[in-house]
Amino acid sequence: MTELLQTLIFGALIGGVYALMATGLTLTFGVMKIVNMTQGALLVLSAYLCYSLWVHFGIDPILGAFLITAPMGLLGVALYKLVIERVQRIDHGLTIVATFALAMIAEGLIALAWGPNTRATTPPYFNRSFRIGSLVVPQAQLYACLLAIGVTVVLQLVIKRSWLGYAITAASENPEGARLVGVEPVRVGAWIFAISVASTAFGGAALSFLFQFVPDSQDVWIGLTLSVVILGGLGSLAGAFAAGLLLGVAEAMTTTYVSVRWATAVPTLMILIVLTIRPQGLFTRATRQDLAT
Amino acid sequence: MIHIDGLWAGYGGLDILRGVDLKVEQGTINCIVGPNGAGKSTVLKTISGILAPRAGSIAVDGVQLGGEPPAAILRAGVVQVPQRHGLFTKLTVRENVLMGAYIIRRRGRKQMDGRYEELAEIFPLLAERPHVLAGSLSGGQRRMVEFARAMMLDPKIVLLDEPTLGLDPISLAIIRDSILVMNGAGTTILMVEQNVRFGLSLAHHATVMSAGSVALAGSAQDIADNPHLMDVFFGAASPRTEPAA
Amino acid sequence: MSEQDARPRQRPSKWVAGRRGIAAVGVATLATMVLAACSSSNSGSSGNTSGPLKIGMSLPLTGPVADVSKSGYEGYRLWASQVNASGGLIGRQVTLKVLDDGFQPAQSGSNYTRLITQDKVDLLLGTFSSLLNAPDSAIAARQGMLYIEPSGGAATLFTRGFKNLFFAQPATTTDLPNQFVEWVTSLPADQRPKTAAYVTQDDPSASPAVAIFKTKLEALGIRTVYNETYAPEESNFDTIAAAVSHASPELVIHGAVATDGVQFVRSLEKVSFSPKMLFQTKSPSDETYPSAIGTKNAQAVFTSVAWSPQAKYPGNAEFVAAYTKMFGHAPSEDAANSYTAGQVLAAAVKAVGRIDQKALADWLHSHTVDTIVGPLKWDSTGVPQGTMLLAQWQNGTLQIVAPKSAATTQEVLNLKPAWAS
């Protein structure tokens with residue numbers, strides 16, 4: 001029984017981490033239907049930035065994340081205006097290729113700037129755990145989960161309660177209708193990317209104190225974050241969070257009760273199963289179609 | 001109030017509007033009718049800024065608006081309710097209506113809420129079901145919400161693109177009343193209508209379009225009584241136009 | 001000689017001249033054959049016998065192991081500069097021709113092919129990791145070139161019957177467990193661990209060695225309580241650590257390859273499970289190991305290394321000093337491995353006295369070379385007959401505890417302390 005509870009705890013915690021890594025992608029993939037292959041590179045870039053703040057100024061990575069959200073947001077705007085918006089006009093599908101190319105370039109630039117050696121931040125909580133009886137709750141993962149909840153809640157509030165959120169929902173569903181009320185889809189796109197990239201700051205901070213990383217660590221994360229978003233149903237922030245949890249628990253249960261070797265195949269298997277049964281994702285309600293009146 | 005002179009516009013390489021002249025007087029209800037493909041909706045789209053004209057001018061109260069972006073035209077007091085897909089199905093009734101005031105959102109929630117309350121008196125649906133997702137409303141109810149949204153800015157001119165499209169007779173009556181209410185509040189209405197009887201019975205003035213230009217224009221009563229009206233619709237030559245394309 | 005003379009289809013009056021023509025053809029053909037034999041770089045002798053000696057290599061200077069190969073390349077450069085400073089090899093200065101393969105086996109292979117056939121290098125030196133050395137050594141074998149590789153000790157490399165292949169470390173991964181097992185055997189029965197857990201990455205440089213550990217330790221009566229292999233992409237070890245903790249082994253053997261070494265230890269710390277003995281491949285020999293897991297936590301962790309900076313083999317201290325002076329930081333094991341490969345090559349060339357690939361290989365098969373990792377000699381497949389060094393972190397320094405000939409301390413810590421938090 002203890003083993004089951006412990007496995008569930010580990011699974012939920014790492015699931016929270018996965019959800020955190022995927023947050024920005026829900027917006028760009030879910031709302032704009034853009035597969036942003038730079039998500040992994042942005043996470044790694046944020047990790048390196050937090051690492052530099054940690055090494056040179058002793059700033060805790062979580063605090064560092066807050067400091068870099070604004071610059072990352074600006075990077076998101078640049079990414080949208082200089083690349084995405086132009087490529088989208090030619091062909092929507094080309095955005096995958098363009099962002100993939102950018103990810104490669106980013107990897108090279110990161111390697112130039114920080115060198116190829118493995119890095120990690122080691123704030124005091126990096127190897128400590130809370131104890132509940134005989135159960136262990138690793139602090140680093142717990143803080144990452146709390147960040148995940150926090151970022152998801154903030155993003156959800158923005159989307160559901162702010163003018164920008166209304167504009168994003170409107171423009172993504174109905175660009176012409178949105179223009180008729182004065183919303184410019186291009187400006188909305190820039191905002192979406194600003195928010196999406198800014199949110200990777202937190203994922204990157206978590207990356208820096210949970211794992212060791214090198215410039216090409218991004219490869220692992222791009223597949224995992226896409227899995228989370230697809231499982232959760234496009235555009236649903238809460239769905240992505242739940243999907244992350246589900247993936248984490250499935251992975252942990254597989255490691256403990258099935259076979260360690262299969263653990264890394266779990267995300268792919270889950271996508272296969274879920275998409276066969278429920279193609280719209282686990283947590284998207286199929287809404288009534290907007291029929292011509 | 002609206003003065004359109006020699007308007008040419010189209011999509012891609014195709015010209016839909018071929019020299020349209022149109023005058024709309026303040027405070028009136030105006031209806032554009034005509035066969036499919038005449039370019040009726042295109043006129044509205046050029047006024048609201050969705051489409052930029054190729055030649056000719058559009059002036060509202062003497063101000064040139066041709067080619068301006070939609071936001072600028074909204075600020076000039078011209079709002080369009082499109083033929084279809086006007087609503088945001090993923091937003092609630094209340095949120096949809098509030099979005100009508102998007103360009104003046106910085107004036108503060110209190111002012112927005114106040115305006116919403118005013119409109120709820122004219123459009124009861126706003127008070128009855130504000131938090132329902134617009135996607136779950138019926139056709140007639142959606143039109144209500146769209147009208148209310150159009151009124152958020154207290155506009156000078158409202159452009160209606162086939163407001164009765166796909167509606168049952170009961171809803172037609174409600175739409176008719178709503179248009180009269182809007183006009184009663186001082187708003188100038190320019191609408192495009194496929195339902196000729198509905199349009200001409202409601203409007204003060206009417207314009208008949210065919211193949212991208214104006215075939216007949218005058219008071220709604222005169223147009224309704226004009227024996228050549230049906231000729232324009234069924235393709236025979238009329239005194240003022242070239243043969244239908 | 002005119003074309004006419006060369007063709008035998010002539011009228012009888014020209015047949016007399018044709019006979020002279022046939023002779024001319026014969027001479028020409030012979031001359032061509034001799035010339036071809038001389039200019040062929042495929043068998044032993046090189047075309048030119050003076051001027052600089054070109055040594056070719058393809059290295060993963062960019063890509064995922066760029067940090068490893070950088071120090072490896074520096075080891076080669078130090079070796080080359082020292083050789084040249086003392087007069088070169090057989091009186092010729094040495095130049096290194098390096099190509100980058102980005103850690104792609106296909107690129108690495110084509111690089112070596114180009115170095116051999118187009119650039120016509122005189123000698124080759126090997127690259128890093130079994131992944132690249134496997135195809136590269138095959139290409140060298142096909143072209144009849146000597147191939148000394150510094151790094152890539154998977155046993156599978158040496159089962160292909162190549163006579164040109166030599167590994168410049170004391171032993172392959174098959175030997176890796178031996179020193180530790182010998183040490184455990186040397187303990188009195190009541191001090192040996194009763195139970196053991198085996199965790200390894202699915203990788204040819206780790207899992208075969210861990211399997212050998214298991215066989216040998218089970219033969220000593222140590223009960224296996226956990227035995228799992230994980231995929232190379234695995235990055236989350238908390239669940240595995242919890243399962244290991246649950247099994248409560250006294251000894252943990254971990255076949256690590258890269259960052260998984262540190263990650264696994266961090267997970268063990270998070271679940272607060274500290275085994276009495278811990279052996280990890282690869283990771284503990286990295287100088288950043290203690291800072292990555294918490295400085296005090298490296299205490300008493302065992303690992304296996306090919307080289308130690310403190311080992312008292314001739315030339316080793318000088319190597320460390322010269323490297324630190326040239327590059328501004330201490331050498332890593334990868335730098336030492338490539339330096340050793342250079343030493344082996346130089347010894348063979350000096351002894352044989354000429355560039356003859358087969359003669360060099362034959363000499364190496366029948367002689368022992370003194371290097372900074374000790375005396376090296378090889379069996380017929382190129383497997384070195386030495387032994388790896390057993391190392392242990394003691395008070396912030398990685399000490400060599402076995403074999404006695406290389407030991408830097410007599411003390412071996414039997415018990416690993418609990419994790420410091």
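Here the structure is a predicted model, which means the values were calculated and not measured.

Engineer: Can you explain the interface of chain A and chain B? Please cite residues and give values.
Structural biologist: In this assembly, 24 residues from chain A lie in contact with 37 residues from chain B. Of the roughly 2700 Å² buried at the junction of chain A and chain B (both faces included), carbon and sulfur atoms supply 61%. The tally of links between chain A and chain B comes to 0 salt bridges. Seen at the junction of chain A and chain B, the total is 5 residue pairs in polar contact (both at pLDDT 80 or more). Across the side of chain A that touches chain B, the residue classes tally to 10 nonpolar, 6 polar and 8 charged.

Engineer: I'd love a proper account of the pairing of strand β6 (residues 78–81) of chain B, names of residues and values included.
Structural biologist: Consecutive residues of a regular strand have side chains that alternate between opposite faces of the sheet. Residues and elements named next belong to chain B. Neither face of β6 is open: one carries Val78 and Gln80, the other Val79 and Val81, and all of them are buried. In this structure, β6 lies alongside strand β7 (residues 157–161), joined through 4 bridges in parallel fashion. Residue pairing across strands places Gln80 opposite Leu159, the latter belonging to β7.

Engineer: Quick rundown of the sheet that holds strand β1 (residues 53–59) of chain C? Include the residues and the values.
Structural biologist: By definition, the strands of a sheet pair up through backbone hydrogen bonds, in either a parallel or an antiparallel sense. Residues and elements named next belong to chain C. With respect to topology, 3 strands assemble into an open sheet ordered β2-β1-β3, the strand pairing being parallel. The strands lining the two open edges of the sheet, one partner per strand, are β2 (94–100) and β3 (123–124). Pairing between β1 and β3: 2 bridges, direction parallel. Looking across to β3, one finds that Gly56 is bridged to Leu124.

Engineer: For the interface of chain A and chain C, give the residues involved together with the corresponding values.
Structural biologist: Across the boundary between the two partners, chain A contributes 33 residues, which contact 33 residues of chain C. The junction of chain A with chain C conceals about 2700 Å² of combined surface from both sides, 53% of it contributed by carbon and sulfur atoms. Taken as a group, A:Asn127, A:Gln212 and A:Val260 account for 22% of the area that chain A buries against chain C, more than any other trio of residues on that side. Our count for the chain A to chain C interface comes out at 1 salt bridge. Between A:Arg261 and C:Asp202 there is a salt bridge, with its nearest N and O atoms 2.9 Å apart. Secondary-structure elements contributing two or more residues to the side of chain A that touches chain C are α1 (2–32), β1 (129–132), β2 (135–138), α8 (185–210) and α10 (237–258) of chain A. When residues of the side of chain A that touches chain C are assigned to their parent elements, the largest contribution, 5 residues, is made by α1(A).

Engineer: Lay out the packing of aromatic side chains in plain terms, naming residues and giving numbers.
Structural biologist: Residues and elements named next belong to chain C. Summed over all chains, the structure comprises 26 aromatic pairs over all chains. In this structure an aromatic cluster arises from ring pairing among Phe180, Trp183, Phe213, Phe279 and Phe302. The positively charged end of Arg77 is found above the aromatic ring belonging to Tyr73, 5.6 Å away from the centroid. Directly above the ring of Trp419 sits Lys416, whose terminal nitrogen or CZ lies 3.4 Å from the centroid.

Engineer: Talk me through the packing of helix α6 (residues 178–186) of chain C against helix α7 (residues 207–219) of chain C; I want residue IDs and the actual numbers.
Structural biologist: To characterise two packed helices, one gives the angle between the axes of the helices and the distance between these axes. Residues and elements named next belong to chain C. The geometry of α6 relative to α7 is characterised by a closest axis approach of 10 Å and an angle of 15° between their N-to-C directions. One way to sum up the angle between α6 and α7 is to call them roughly parallel. α7 is crossed by α6, and the crossing has right-handed handedness. Across from Asn178, Phe180, Val181 and Val184 in α6, the residues of α7 making contact are Phe213, Lys216 and Leu217. Class assignment for the residues of the contact of α6 with α7 results in 5 nonpolar, 1 polar and 1 charged.

Engineer: Mind laying out a nonpolar patch on the surface, listing which residues take part and the relevant values?
Structural biologist: Residue and element names in this part refer to chain A. Judged by side-chain polarity, Tyr257, Val258, Trp262, Leu269, Leu272, Ile273 and Ile277 come together as a nonpolar surface patch covering roughly 780 Å² of accessible area. Taken together, the elements giving at least two residues each to the nonpolar patch come down to α10 and α11 (266–277). Residue contributions to the nonpolar patch peak at 4 residues, all from α11. Here Leu269 shows up in helix α11. Taking the relative accessible area as the measure of exposure, Leu269 reaches 37% and is therefore partly exposed.

Engineer: I'd love a proper account of unusual backbone geometry, names of residues and values included.
Structural biologist: Residues and elements named next belong to chain C. Between Ala402 and Pro403 the backbone carries a cis peptide bond, its omega angle lying at -5°. The backbone of Ile90 shows a phi angle near 40°, a positive value even though the residue is not glycine. Checked against the element boundaries, Ile90 lands in the loop between α3 (66–85) and β2. In this model, Ser248 sits at a positive phi of 55°, which is unusual for a non-glycine residue. With respect to the helices and strands, the residue Ser248 is situated in the loop between α8 (238–247) and β8 (251–255).

Engineer: Give me the lowdown on the pattern of salt bridges, citing residues and values where you can.
Structural biologist: Should their charged atoms come close, side chains of opposite charge can pair. Under the criterion given, the structure shown has 14 salt bridges over all chains. As a salt-bridge pair, B:Lys156 and B:Asp61 come within 3.4 Å of each other at their nearest N and O atoms. Here the residue B:Lys156 occupies a position in the loop between α6 (139–151) and β7, and B:Asp61 occupies one in the loop between β4 (55–60) and β5 (63–64), the gap between them amounting to 95 residues. Using a relative accessible area of 37% as the deciding quantity, one classes B:Lys156 as partly exposed. With its nearest N and O atoms 3.5 Å apart, the salt bridge here joins C:Arg114 to C:Asp119.

Calculation notes
- Residues numbered from 1 in each chain as written.
- Chains lettered and ligands numbered in written order.
- Predicted model: local features only at pLDDT ≥ 70, side-chain atom pairs only at ≥ 80, totals over all residues.
- Heavy atoms only, no water.
- Contact = heavy atoms within 4.5 Å.
- Buried area = accessible area lost by both parts, 1.4 Å probe.
- Salt bridge = Lys/Arg side-chain N within 4 Å of Asp/Glu carboxyl O.
- Polar contact = N/O pair within 3.5 Å; in protein donor to acceptor, adjacent residues only side chain to side chain.
- Nonpolar A, V, L, I, M, F, W, Y, C, P; charged D, E, K, R; others polar.
- Buried < 20%, exposed > 50% of the residue type's maximum accessible area, 1.4 Å probe, protein only.
- Helix = DSSP H or I, 4+ residues; strand = E, 2+ residues; numbered from the N terminus.
- Pairing = 2+ DSSP bridges.
- Phe/Tyr/Trp six-rings, centres within 6.5 Å; stacked < 30°, edge-to-face > 60°.
- Lys NZ or Arg CZ within 6 Å of the ring centre and 35° of its normal.
- Axes fitted to C-alpha atoms, helices over the stretch in contact; angles between N-to-C directions.
- Parallel < 35°, antiparallel > 145°, perpendicular 65-115°, else oblique.
- Left-handed = near helix turned anticlockwise from the far one by under 90°.
- Patch = residues over 30% accessible without salt bridge, like charges linked within 9 Å, V, L, I, M, F, W, Y side chains within 5 Å.
- Areas by Shrake-Rupley, 256 points an atom, 1.4 Å probe, with all protein chains shown as cover.

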